[in-house]
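# Residue-level structure breakdown
These are the residues of each chain, in order.
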Amino acid sequence: MHAVLHRPWRAVSSLLCYCLPLSALAMPPTFEQALNAAWQNLPEQAFLAQENRITRDSSPVWLAAPPSASLDYQQEDNASGSPAEWQAAVELPIARPALIGSQRAYRNAANAENDARANLLHWQLASELQTWWWDFAANEVSLTRNQQRLDAVQQQLSWLSLLIEQGERPASDRLAVQEQLQTIKNQLLFNNQQKSRLTQHWQQLTGLDELPDNWQFSQSPERALESHPLLQTLQARTQQADANFRSSESSRFNPRLSLGVKHTDELDAQPAADMMQLGISMDFGHTSYSARRDAVRQLSSEHANSIRTRQQLQREREALRTALPQMKQRWQELSALSEQAQSQYDGQYQAYQRGTLSGFQWLQIQNSIWQLQQQADDARIQYFRTISQWNQLQGQTL
């Protein structure tokens, strides 16, 4: 019985301790392999190239607005003596230096935002994969523990039934063990349902069928907050909003250059004529009040969001920095208590078999041992889960 209940970590392919040697064909995916597969499976990833192309193909920064072309035709009117004529022109809204600077800044910020968004999507995907892993690992440990407990209780029930048949124990002694057996079966049913849900999530996320069994994450050193993908994305969006606001403020006094040709047909004694046309116009008014107001509100919103997100990341880092040593100590304490309780398991069970412990007392002791084991398992999972969360707060993906 002692060997049945000892260390489920060794029975679950050493989820956090070491890797079992596997053949190349049966090797479960590493975290990096799973992340690459999930990235290829990510719907947003397919549109990143289009976003980059749109940014790259935008109008030149020296244009205040997209150019326009016009073509006009006037029919001959003999009554008024007007000949037929046609004219074509191209209008180029030229940007002043201030507008050129803001538009160049907007384009640079847009390129930076595209890159930052790709990094952010990659980071979010890595975080989701690690969260999935710890949910999966916790369920696998619980599943193994409950299966071990089921085997142990079934053995106890078989032994107790034999004693009852021989008249050495009352039939009522079986009720508590049967109740415990059903409780463990319910827990196993939940574990199996959870594993089915997690397996489906894994397949949807990565497109892979083979499940992992040996992912390990060591605590990474602290990095500057500014390198975090989320803050980089927000910073690029703030720069875009700032450039957009400055563009709205630079919308006046941008000249419009018009270049065209005009052809007039011959009419009576008037010969045909071709002329070049050149015109310059200038806008004196600002863009609309609502557009400028929306631009400054967008800038204010992006700036505030960047500050609040940075403050939140700082709080979360500080909380985990404080919690990690405490969680490690708690896990080590519970592991020691679990080992001590496990070492007493066989002796207490033998006392129950000899009749020096009542069935009620034995079940209490057994449940206490199992609870300590479960708490040690939970503390271990939570400690390593928190290490993953710490790494994510550093902006780390691998």
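To be clear, the structure that these remarks concern was listed above.
Residues numbered from 1 in each chain as written. Predicted model: local features only at pLDDT ≥ 70, side-chain atom pairs only at ≥ 80, totals over all residues. Heavy atoms only, no water.

### Description of the overall build of the protein
Tallying secondary structure elements over the protein gives 8 helices and 4 strands in all. N-terminal to C-terminal, the α/β element order of the protein is α-α-α-β-β-α-α-α-β-β-α-α. The C-alpha atoms of the protein give 37 Å as radius of gyration, which overshoots the globular expectation for 398 residues (21 Å, by more than 25%). Across its three principal axes, the protein shows a C-alpha extent of roughly 135 × 40 × 40 Å. Within the protein, the fraction of its 398 residues that count as buried is 39%. As displayed, the protein offers around 21900 Å² of accessible surface, 52% of which is attributable to carbon and sulfur atoms. Here the protein holds 34 positive side-chain charges and 40 negative ones, and the gap between their average locations is 11 Å. (Helix = DSSP H or I, 4+ residues; strand = E, 2+ residues; numbered from the N terminus. Rg over C-alpha atoms; globule rule 2.2 N^0.38 Å. Buried < 20%, exposed > 50% of the residue type's maximum accessible area, 1.4 Å probe, protein only. Areas by Shrake-Rupley, 256 points an atom, 1.4 Å probe, with all protein chains shown as cover. Lys, Arg positive; Asp, Glu negative; His and termini not counted. Charge placed at Lys NZ, Arg CZ, Asp CG, Glu CD.)

### Description of the sheet that holds strand β3 (residues 255-264)
As summarised here, the arrangement of the 4 strands in space is β1-β2-β3-β4, forming an open sheet in which the pairing is antiparallel. Because the sheet does not close on itself, it has two edges, and the strands there are β1 (68-74) and β4 (273-282). Taken over all neighbouring pairs, the strand axes of this sheet differ in orientation by 15° on average, direction set aside. Direction of pairing for strand β2 (residues 85-93) relative to β3: antiparallel, over a ladder of 9 bridges. (Pairing = 2+ DSSP bridges. Axes fitted to C-alpha atoms, helices over the stretch in contact; angles between N-to-C directions.)

### Overview of the pairing of β2
By the bridge criterion, 7 bridges tie β1 to β2 in an arrangement that is antiparallel. Paired with Q74 across the bridge in β2 is E85.

### Topic: the nonpolar core
In this structure, F31, L125, L129, W133, W134, W215 and Y383 are the most contacted members of the largest nonpolar core, which totals 38 residues. Mapped by element, the contributors of at least two residues to this core are α2 (31-40), α4 (97-165), α5 (173-206), α7 (289-354) and α8 (359-393). Ranked by the residues each element gives to this core, the list is headed by α4, at 9 residues. When sequence neighbours within four positions are dropped, the list of residues in contact with F31 reads A126, L129, Q130, W215, F217, T397 and L398. With 23 residues, the next largest nonpolar core counts V177, L181, Y345 and Y349 among its residues. (Core = buried A, V, L, I, M, F, W, Y, C linked by side-chain atoms within 4.5 Å. Contact = heavy atoms within 4.5 Å.)

### Structural notes on the packing of α2 against α5
Their axes nearest at 7 Å, the elements α2 and α5 cross at an angle of 65°. Comparing their axes, α5 and α2 come out roughly perpendicular. From α2, A34, A37 and A38 reach across to α5, where they touch W202, L205 and T206. Among the residues forming the contact of α2 with α5, the class breakdown is 5 nonpolar, 1 polar and no charged. (Parallel < 35°, antiparallel > 145°, perpendicular 65-115°, else oblique. Nonpolar A, V, L, I, M, F, W, Y, C, P; charged D, E, K, R; others polar.)

### Examining the pattern of salt bridges
Inspection of every chain in the model, using the stated rule, returns 14 salt bridges. Salt-bridge contacts for D242 lead to R246; the nearest nitrogen and oxygen are separated by 3.1 Å. You can see D242 and its partner R246 sitting in helix α6 (residues 229-249), 4 residues apart, about one turn around the helix. You can call D242 partly exposed: its relative accessible area is 28%. Residue classification places R246 among the partly exposed positions, given a relative accessible area of 33%. Between R321 and E318 there is a salt bridge whose closest N-O contact spans 2.4 Å. Here the residue R321 and the residue E318 both occupy positions in helix α7, the gap between them amounting to 3 residues, near one helical turn. Within this structure, E222, R317, E318 and R321 form a network of salt bridges that share partners. (Salt bridge = Lys/Arg side-chain N within 4 Å of Asp/Glu carboxyl O.)

### Details of the packing of α7 against α8
The relative placement of two packed helices is expressed as an angle between their axes plus a distance between the axes. In contact at an axis separation of 7 Å, α7 and α8 are set at 155° when each is read in the N-to-C sense. In terms of their interaxial angle, α7 and α8 are classed as roughly antiparallel. The hand of the α7/α8 crossing is left-handed. (Left-handed = near helix turned anticlockwise from the far one by under 90°.)

### Topic: the packing of aromatic side chains
Counted under the stated rule, the structure contains 18 aromatic pairs. Pairing W331 with Y383 gives two aromatic rings, centres 5.6 Å apart and planes at 25°, and the pair type is stacked. Residue W331 is located in helix α7, and its partner Y383 is located in helix α8; the two are separated by 52 residues in the primary sequence. Ring pairs connect the aromatic residues F31, W132, W133, W134, F136, W202, W215, F217, W331, Y383 and F384, which therefore count as one cluster. (Phe/Tyr/Trp six-rings, centres within 6.5 Å; stacked < 30°, edge-to-face > 60°.)

### Some words on α4
Between the first and last C-alpha of α4 there are 100 Å, a value that for 69 residues agrees with the 102 Å anticipated at 1.5 Å per step. Positive phi appears at G167, one or two residues downstream of α4, with a value of about 80°. (Expected span 1.5 Å × (residues − 1).)

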